[in-house]
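A structural walkthrough
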Amino acid sequence: MNIKSIIYILPLASVLLVSCGSTEDKKDGDKKESAGNPELQKEVQTYLDKYNTDYQKLLYAANEAQWTLNTYMVEGDTVAAYNAGLADKAMAEFTGSAENIESARKFLENQKDLTDLQVRQLKYILYMAGNTPAIAKDIVDQRIAAQ
């Protein structure tokens with residue numbers, strides 16, 4: 001067996017092992033997901049859906065701007081760097097906005113009534129906000145400019 005064969009077999013074996021989980025584990029997970037306050041879960045899910053949609057749009061724009069900056073290099077051209085800075089700033093303002101931080105904190109106060117996935121997503125929103133908090137806007141702007 002050569003290296004190329006191993007490279008193709010390992011991912012397939014990994015997928016098969018992961019998919020072999022017992023149905024008992026899945027049933028317990030379903031019970032956990034359905035417990036709690038359905039109205040609150042629906043409200044949180046609406047917030048998370050909107051957050052994720054906005055986040056994906058901003059992330060796409062930021063990645064595209066960075067791609068252009070790093071692949072289209074013309075001497076004396078500063079437009080790509082300017083556009084990348086604007087996209088990064090928009091991303092930072094969204095992830096670190098006081099509104100998103102407050103919403104995530106408010107929803108996490110009742111985390112026992114939420115699904116495990118919703119709690120993890122809300123905690124991740126706060127984690128992302130910690131990288132670019134609105135209360136430290138000047139420092140975040142300086143870091144973006146330096147990058």
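Residues numbered from 1 in each chain as written. Predicted model: local features only at pLDDT ≥ 70, side-chain atom pairs only at ≥ 80, totals over all residues. Heavy atoms only, no water.

1. What about the overall build of the protein chain?
- Counting secondary structure elements, the protein chain contains seven helices and zero strands.
- Ordering the α and β elements of the protein chain from the N terminus gives α-α-α-α-α-α-α.
- Residue burial in the protein chain is summarised as follows: out of 147 residues, 24% are buried.
- Taking contacts inside the protein chain between residues at least 6 apart in sequence as the whole, the part at least 24 apart equals 70%.
- Counting only carbon and sulfur atoms, one obtains 60% of the accessible surface of the protein chain, whose full area is about 10,900 Å². (Helix = DSSP H or I, 4+ residues; strand = E, 2+ residues; numbered from the N terminus. Buried < 20%, exposed > 50% of the residue type's maximum accessible area, 1.4 Å probe, protein only. Contact = heavy atoms within 4.5 Å. Areas by Shrake-Rupley, 256 points an atom, 1.4 Å probe, with all protein chains shown as cover.)

2. Here we look at the environment of Gln111
- Relative to the helices and strands, Gln111 is located in the loop between helix 5 (98-108) and helix 6 (116-131).
- What makes Gln111 partly exposed here is its relative accessible area of 35%.
- For Gln111 and Leu122, which are 11 residues apart along the polypeptide, the C-alpha to C-alpha distance reads 9.4 Å.
- With sequence-adjacent residues up to four places away left out, Gln111 is seen in contact with Val119 and Lys123.

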